[in-house]
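# Close look at the chain arrangement
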Amino acid sequence: MRDEKKEICRIFSEAFYFVVTSHQNIDGDGLGSALALYFLLWRMGKRARVVYDGRVPYFYRFLPGSAQVLSFEAFSAEKEPFEVLVVVDCSNPARVGRVEGFLKEARYVVNIDHHPDNAFFGHANFVVPGSPASALLVYELARELRVPLDADIATGILTGVVTDTGGFQFAELNQNLFTVVGELVASGASLSTIMHHVFRFRRLEALKLLSRALHRLTFDPVCGCASTHLMQEDFSECGAQEEDAEGVVDYGLYIPEARVSVFFKEIAPNTYKVSLRSRDDFDVLPVAHHFGGGGHQRAAGFKITGSFPSVYREVLDVLRTMVLESSK
């Protein structure tokens, strides 16, 4: 069996021009991993660009290299050729938006991810579902390639780890992870700065939006399901952007008896992005798969269309059934 990590290292060593990308509605793991790879490749003497079909959320703009992220339009206008497309923290190429078209242009597609439902779409696939974050796979590649960690690389990696572990709430800080975090901090990453921006750096408009979501928060004690929603008019009335709803879904799990939290966000008329979060004993990924989505066992999502009452009822019925069946 081919060693995928070594194959990626071979590609990284032999090729020269790289494009790095991640999924739309980017999070700290996707962006942190992409930027860490960007700096890693430059340190190797390569030419690399980070291209993202979307806007970098303001609370991630503290990341080194975030100002160099190119939009799909900006990179397409350059018409610069590249050899390798690196897709990080993305289970399916459709999730990278219009950048998906680059797959046909690349000599190699490198897929680095930790989602359990990854489609293995690359020429080389370094996919480890048991990893707490894709950023830790970037760390492994840096070690394999013997590229010294610096503050830029370490900050991207540690941001990915902090984000996808919920500040080490969703993954046990065991000796191995503790050692890696210590090495990243020793290399120049500031854990306090990262924690501040990821969890405690929000605009006033975001807090106004959160107040509306919390006002609508409901809880079903029979199945332990918490739910809330935000409509397009909430965003316009609060002067908020879509990124301002980051983290809203997590509040449902503050309820001691809650096993799962669901958040409905209207992104277009009669179109909703549904986010799911759960505690250790309930797997929300089958729920997301039921509706054509994906993600992780404790963090998943999907899109759904229809009137809000019908969508809400349909999702909650499926969720309630699956939660109760898991309790048997």
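Structural data are supplied above this passage.
Below is a short write-up of the structure. Just so it is clear, the model here is predicted, and its values are computed rather than measured.

### Observations regarding the sheet that holds strand β1 (residues 17-22)
Here 6 strands make up an open sheet; going across it, the order is β3-β2-β1-β4-β5-β6 and the pairing parallel. The open sheet has two edge strands, β3 (70-71) and β6 (124-127), and neither has a second partner. Sheet analysis places β1 next to strand β4 (residues 84-88), joined by 5 bridges and oriented parallel. Its bridge partner lying in β4, Ser22 is registered against Val88. Each of β1, β2 (47-52), β4 and β5 (108-113) is contacted by helix α2 (residues 28-43), which is oriented at about 165° to β2, the strand it contacts most. Strands in contact with helix α4 (residues 134-145) are β4, β5 and β6; relative to β5, the strand with the most contacts, it is inclined by about 120°.

### Regarding the sheet that holds strand β11 (residues 294-295)
With respect to topology, 6 strands assemble into an open sheet ordered β7-β8-β9-β10-β12-β11, the strand pairing being mixed. Each edge of the open sheet carries a strand with a single partner, namely β7 (218-220) and β11. In this sheet, strand β12 (residues 299-305) lies alongside β11 in antiparallel orientation, the contact comprising 2 bridges. Pairing of Gly295 across the sheet is with Ala300, part of β12. Seen against the sheet, helix α11 (residues 308-326) touches β7, β8 (225-230), β9 (260-268), β10 (271-278) and β12 and runs at an angle of roughly 155° to β9.

### Side note on the packing of aromatic side chains
Per the counting criterion, the structure on display carries 16 aromatic pairs. Ring centres of Phe82 and Phe102 lie 5.7 Å apart, and the angle between their planes is 55°; this geometry places the pair in the tilted category. A residue pair is termed long-range when its members are at least 10 positions apart, and Phe82 in the loop between α3 (72-78) and β4 and Phe102 in the loop between β4 and β5 qualify at 20 residues. In this structure, Phe82 and Phe102 share a single accessibility class: buried.

### Notes on α11
Every α-helical turn comprises 3.6 residues, leaving residues that sit three or four positions apart pointing alike. The end-to-end C-alpha distance of α11 is 27 Å, a good match for the 27 Å that 19 residues give at a rise of 1.5 Å each. Considered for burial, the residues of α11 that qualify are Phe308, Val311, Val315, Leu316, Val318, Leu319 and Val323. The buried residues of α11 occupy an angular sector of 165° when the element is viewed end-on, so they sit on one face.

### Points about the environment of Ala300
In this fold, Ala300 is placed in strand β12. Distance from Ala300 to His115, taken between C-alpha atoms, is 10.0 Å for residues 185 residues apart in sequence. Look past the residues within four positions of Ala300 in its chain and what remains in contact with it is Val274, Ser275, Leu276, Arg277, Val284, Leu285, Ala288, Gly294 and Gly295.

### Re the packing of α2 against helix α5 (residues 151-164)
Two packed helices can be described by the angle between their axes and the distance between those axes. Where α2 contacts α5, the two axes come as close as 7 Å, and the packing angle between them is 160°. Put simply, α2 runs roughly antiparallel to α5. In terms of crossing hand, the pair formed by α2 and α5 is left-handed. Where α2 abuts α5, its residues Gly28, Asp29, Gly32, Ser33, Ala36, Phe39, Leu40 and Arg43 lie against Asp152, Ile153, Gly156, Ile157, Thr159, Gly160, Thr163 and Asp164.

### A closer look at the pairing of β8
Two faces make up the sheet, and in a regular strand the side chains alternate between them. With 6 of its 6 residues buried, β8 lies for the most part within the structure. With 3 bridges connecting them, β7 and β8 associate as antiparallel partners. Its bridge partner being in β8, Phe219 is matched across the sheet by Ala226. The hairpin turn running from β7 into β8, its antiparallel successor, is 4 residues long, and Gly224 in that turn takes a positive phi close to 75°. Examined bridge by bridge, β8 and β9 share 6 bridges and lie parallel to one another. In the sheet register, Ala226 faces β9, and the bridge partner there is Ser261.

### Things to note about the nonpolar core
With 60 residues, the main nonpolar core has Phe12, Val86, Ile112 and Ile157 as its most contacted residues. Among the elements that take part in this core, α2 stands out by supplying 9 residues, more than any other. Dropping the residues within four chain positions of it, Ile112 is found in contact with Ile8, Leu37, Val86, Val87, Val88, Asp89, Cys90, Phe126, Ser134, Leu137 and Leu141. Cys225, Val262, Val311 and Leu316 belong to the second-largest nonpolar core, a separate cluster that totals 25 residues.

### Focus on the pairing of β1
β1 sits mainly inside the fold: 6 of its 6 residues count as buried. The side-chain alternation of β1 yields two buried faces, one formed by Tyr17, Val19 and Thr21 and the other by Phe18, Val20 and Ser22. Two strands pair when backbone bridges link them, and β1 and β2 are joined in this way by 4 bridges, in the parallel orientation. Within the sheet, the bridge partner assigned to Tyr17 lies in β2 and is Arg47. On the question of chirality, the crossover connecting β1 to the parallel β2 by way of α2 is right-handed.

What counts and how
Residues numbered from 1 in each chain as written. Predicted model: local features only at pLDDT ≥ 70, side-chain atom pairs only at ≥ 80, totals over all residues. Heavy atoms only, no water. Pairing = 2+ DSSP bridges. Helix = DSSP H or I, 4+ residues; strand = E, 2+ residues; numbered from the N terminus. Contact = heavy atoms within 4.5 Å. Axes fitted to C-alpha atoms, helices over the stretch in contact; angles between N-to-C directions. Phe/Tyr/Trp six-rings, centres within 6.5 Å; stacked < 30°, edge-to-face > 60°. Buried < 20%, exposed > 50% of the residue type's maximum accessible area, 1.4 Å probe, protein only. Expected span 1.5 Å × (residues − 1). Arc of directions from axis to C-beta. Parallel < 35°, antiparallel > 145°, perpendicular 65-115°, else oblique. Left-handed = near helix turned anticlockwise from the far one by under 90°. Core = buried A, V, L, I, M, F, W, Y, C linked by side-chain atoms within 4.5 Å. Right-handed = clockwise from strand over helix to strand, strands pointing away.

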